[in-house]
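The lines below spell out each chain.
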Amino acid sequence: MKLTTSILIACLLAAPVHGEEALFVVVNAGSEVAELSHHELVDIFMGRYNTFPDGAQVTVFDNDSVQGLRERFYRQLVDRSLAQVDSYWARLQFSGRVTQPEELGSAAQLQEKMRTTRSAITFVSEGQLNDSLKVVHRFDP
Amino acid sequence: MRKSAMVALLGLLSAAPAMAQQDIRFSGFGSIGALYHDSDYLGFHRDYTMEAVELGWSTAADTMLGLQLNADLTDQLDLVGQMVFKNRVSDEVSDNLEWLFLRYRPNSDWAFRVGRLGLDLYMLSEYRDVSYAYSWVRPVPEFYNLISSISRYNGADVSYRTRLGDNIFEAKLAYGSNDAALQGAEQQIDIGLDDITALTLSLTANEWLLRASIANASATGENYQTNQLLFALRSIPKELWPDAAALADEIAFIHRKSRYYALGAQYDDGRWILQSELGYTETDWRLLQPYMSGYISLGRRFDNLTLFAMVASVQNTEDAEEIATPPSLPFLPAEQQAQLLALHGAAQYSYHASSLDQTSYSLGARWDFYDNMALKFQWDHTQIGDYGSSLWVRDFPMAHDDSVNVFSINLSFTF
């Protein structure tokens, strides 16, 4: 019993180290889109559809401004490693079907793109949320 | 068409800096590969549009570089150009232009393309040179070598997509033509495919991809040795060999209808990857007997390491026809007999030249050791039946069976 308790406590303590704060999928604050299901997000982020469910144009940005964020996002979205996601995109990109989302390496660049692109969608960590972004889906850790 | 396409691409490349940065994207892919094969008689190439490599180590067979440009002209109109540099049979610079097309997407269901396009006939057709996009070192030659002439074309296609439950169904109809310089088993041949018509249906789920496709084309080929044979057969007096002229008509490679059928399935749950394709091809040309080809590959991922095993095979479904010897033969003087027999032999030989009979067993590993880079190792053991070696380049069709080992190491990347 004591052992179980200490394991439990250890797990609870360890949890924040693994990491994990929630992930938010966000669009431009002026967007009509209110909420997106997991399935709709897979269609958009994996290049299957280039529009929102209502038919409006979508522009995907890949957020690489926070260490480990991309990896966590795709793990949550499709349960694939980054290598698998990149290999998948190589197939789509170089068969000319869909262009791979633009990867943004700095937070400032990301905020700027998201603020000025009305059709934009991306994923952010909690600390990156602000008034110019509207949350359309939340992934809990 | 080729020249104007090149000019258009070059024009576009030079105009690129003038356009807004977000409208234009450059990207690329490549692989640096080395292979060793142990056959004294057979030269290896992964597809007929490439030169073959001889016994020993070589880097020419799997090393290639692709450059791509995507330009969004409007929300609905975009332009894609791709150049692929590899050890092609063709020396023409414009043949490096893999595709260059304009695409119009009025909504997310419909797409119309025109230009030089990839023909989406087999699963890997449109990314067969993008080694980073699959586990193996190369698309399996038993399946992909033969169809290299029909993997791209100049023309147009239209595709329609719709949701079926959680899955996406796509239908694509294509029409166009293509020219290609091929390295056949013994001879180089310039092939022209006209009236290519192809229909591809696919169903994409989260873990599954299912495909079925069918294509027709009219094929015409030009080759020096065949021309000589035709000339000889047609100049033989009718009394000596009554069938000679009819035989020449069978051998001539002009407007031969060819039909292609393919089925494909892929399963990928993140850990296991299963992929299989089955193809059947037939032509009205006596020299290319109908054949079936297929492969099945099973892979298992462990973090960034993927191990895979594969079996692939290609077989004719009909044997090459035997040509009857000229009936006049016994009545001729020895010298003429020998000449006529030589000609008969040459005609018979041409019937065997494209025979296919081989099966390969492959084991390999892919290691994703760094972002957008993968290192691959692969061993292929190929067993070839009597006369069945036409996927290889050789001096003559071997009448005996053989086996070949190919060892490959490959670094593939995208940027």
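Residues numbered from 1 in each chain as written. Chains lettered and ligands numbered in written order. Predicted model: local features only at pLDDT ≥ 70, side-chain atom pairs only at ≥ 80, totals over all residues.

To continue, consider the overall build of chain A. Along the backbone of chain A there are five helices and five strands. Start at the N end of chain A and walk to the C end: the helices and strands fall as α-β-α-β-α-α-β-α-β-β. Here chain A, with 141 residues, has 29% of them falling under the buried criterion. Taking as baseline every contact in chain A between residues at least 6 positions apart, the subset at least 24 positions apart corresponds to 73%. (Helix = DSSP H or I, 4+ residues; strand = E, 2+ residues; numbered from the N terminus. Buried ≥ 20, exposed ≤ 12 C-beta atoms within 10 Å, placed from the backbone. Contact = placed C-beta atoms within 7 Å.)

This part takes up the sheet that holds strand β4 (residues 120–125) of chain A. All names here are of chain A. Ordered in space as β3-β2-β4-β1-β5, the five strands form an open sheet in which the pairing is mixed. Strands at the two margins of the open sheet, each flanked by one partner only, are β3 (102–104) and β5 (133–139). Between one strand axis and the next, the sheet turns by 30° as a mean value, whatever way the strands run. (Pairing = 2+ DSSP bridges. Axes fitted to C-alpha atoms, helices over the stretch in contact; angles between N-to-C directions.)

Here we take up the nonpolar core. Residues and elements named next belong to chain B. Residues L119, L121, I150 and I196 are the most contacted members of the largest nonpolar core, which totals 75 residues. Sequence-distant contacts of I196, defined by excluding residues within four places in its chain, comprise L119, I150, Y153, G155, Y175, G176, S177, N178, A215 and A217. Counting residues in each nonpolar core, the second largest holds 20 residues, with L42, A52, A320 and L391 among its members. (Core = buried A, V, L, I, M, F, W, Y, C linked by C-beta atoms within 7 Å.)

A separate point is the confidence of the model for chain B. Residue and element names in this part refer to chain B. Summary statistics for chain B give a mean pLDDT of 91 and a share of 94% for residues scoring 70 or more. Note that pLDDT drops below 50 for residues 16–21; the model gives that stretch two contacts with residues more than four away or on any other chain. With a pTM of 0.88, the predicted complex shows an ipTM of 0.87. (pLDDT = per-residue confidence, 0-100.)

All names here are of chain B. Interhelical geometry of helix α3 (residues 224–234) versus helix α4 (residues 244–251) gives an angle of 160° and a closest axis separation of 8 Å. Overall, the two elements α3 and α4 adopt an arrangement that is roughly antiparallel. Remark: the crossing between α3 and α4 carries left-handed chirality. Side by side, α3 and α4 meet where T226, L229, L230, L233 and R234 of the first sit next to A244, A245, L247, A248 and I251 of the second. Across the contact of α3 with α4, the residue classes break down as eight nonpolar, one polar and one charged. (Parallel < 35°, antiparallel > 145°, perpendicular 65-115°, else oblique. Left-handed = near helix turned anticlockwise from the far one by under 90°. Nonpolar A, V, L, I, M, F, W, Y, C, P; charged D, E, K, R; others polar.)

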